[in-house]
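Structural overview
The primary structure of each chain is shown beneath.
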Amino acid sequence: MSDLNAKPEAELATGEQLAAAAASAEDDDAMADWASALAEQNDNTEVSATTAGVFQPLSKVEPTSTRNDIDMILDIPVQMTVELGRTKIAIRNLLQLAQGSVVELDGMAGEPMDVLVNGCLIAQGEVVVVNDKFGIRLTDIITPSERIRKLNR
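Just so it is clear, the structure is predicted and the values come from calculations on it, not from any experiment. (Residues numbered from 1 in each chain as written. Predicted model: local features only at pLDDT ≥ 70, side-chain atom pairs only at ≥ 80, totals over all residues. Heavy atoms only, no water.)

Some thoughts on the layout of surface pockets
- In this structure, the largest pocket spans a volume of roughly 270 Å³.
- Looking at the lining of the largest pocket, the elements with two or more residues in it are β2 (113–117), β3 (120–130) and α4 (144–151).
- Across the lining of the largest pocket, the residue classes tally to four nonpolar, two polar and six charged. (1 Å grid on protein atoms, 1.4 Å probe; cavity = no way out; pocket = protein on both sides within 12 Å on 5 of 7 lines; lining within 4 Å. Points joined across faces, edges and corners; volume = space filled by probe spheres on them. Helix = DSSP H or I, 4+ residues; strand = E, 2+ residues; numbered from the N terminus. Nonpolar A, V, L, I, M, F, W, Y, C, P; charged D, E, K, R; others polar.)

Following this line, the structure appears as structure tokens:
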């Protein structure tokens, strides 16, 4: 019986040794992977240093090319809208509107009007009359960060 008991202990010890050896081998493999990656990175750095003369640096881009890009879009038409206010109305009430009907809007008198370009709020202003025509005097230009903040509401 002592032989039977000794045999599993010997196998246990061998199993522990195998596990320790496997862990050591995995560590060695990981270290070898890191070493090869670092060597590859060093090789790539040397290659990029030798090819640096082939490509021109980006800092030498002339500022006049940006001006030409802006010129390309200056003639694109956009729709500009000045919004006095909004309201919700039932279809029944909409069908009853006639000449002279008054529709109440949510905008208050003296409140700045919204200026939208292609449906996007870009400014606010006040209504003015110039040569018997309505116009708008811009009082506040909406910054890009404010535009994003208002979109998220």
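Describing unusual backbone geometry
- Of note in this structure, asparagine 131 is not a glycine but carries a positive phi near 55°.
- With respect to the helices and strands, the residue asparagine 131 is situated in the loop between β3 and β4 (133–141).
- Accessibility expressed as a relative area gives 71% for asparagine 131, which makes it exposed.
- The backbone phi angle of aspartate 132 is positive, close to 65°, even though this residue is not glycine.
- Among the structural elements, aspartate 132 can be located in the loop between β3 and β4. (Buried < 20%, exposed > 50% of the residue type's maximum accessible area, 1.4 Å probe, protein only.)

Considering the side chain of glutamine 124
- Within the element layout of this structure, glutamine 124 appears in strand β3.
- Glutamine 124 sits in the buried class, given a relative accessible area of 18%.
- Looking at glutamine 124, its side chain comes within polar contact range of the side chain of aspartate 114, at 3.0 Å.
- The contacts of glutamine 124, once residues within four sequence positions are left out, are Pro112, Met113, Asp114, Arg137, Leu138, Thr139, Asp140 and Lys150. (Polar contact = N/O pair within 3.5 Å; in protein donor to acceptor, adjacent residues only side chain to side chain. Contact = heavy atoms within 4.5 Å.)

Remarks on the pattern of salt bridges
- Scanning the entire structure with this criterion turns up two salt bridges.
- Two residues, glutamate 83 and arginine 86, come together in a salt bridge whose shortest N-O distance is 3.0 Å.
- Ionic pairing is found between arginine 137 and glutamate 126, a salt bridge with its closest N-O pair at 2.7 Å. With arginine 137 in strand β4 and glutamate 126 in strand β3, this residue pair connects regions lying eleven residues apart in the sequence.
- Residue class for arginine 137 comes out partly exposed when judged on its relative accessible area of 45%.
- Taking relative accessible area as the criterion, glutamate 126 reaches 37% and is therefore assigned partly exposed. (Salt bridge = Lys/Arg side-chain N within 4 Å of Asp/Glu carboxyl O.)

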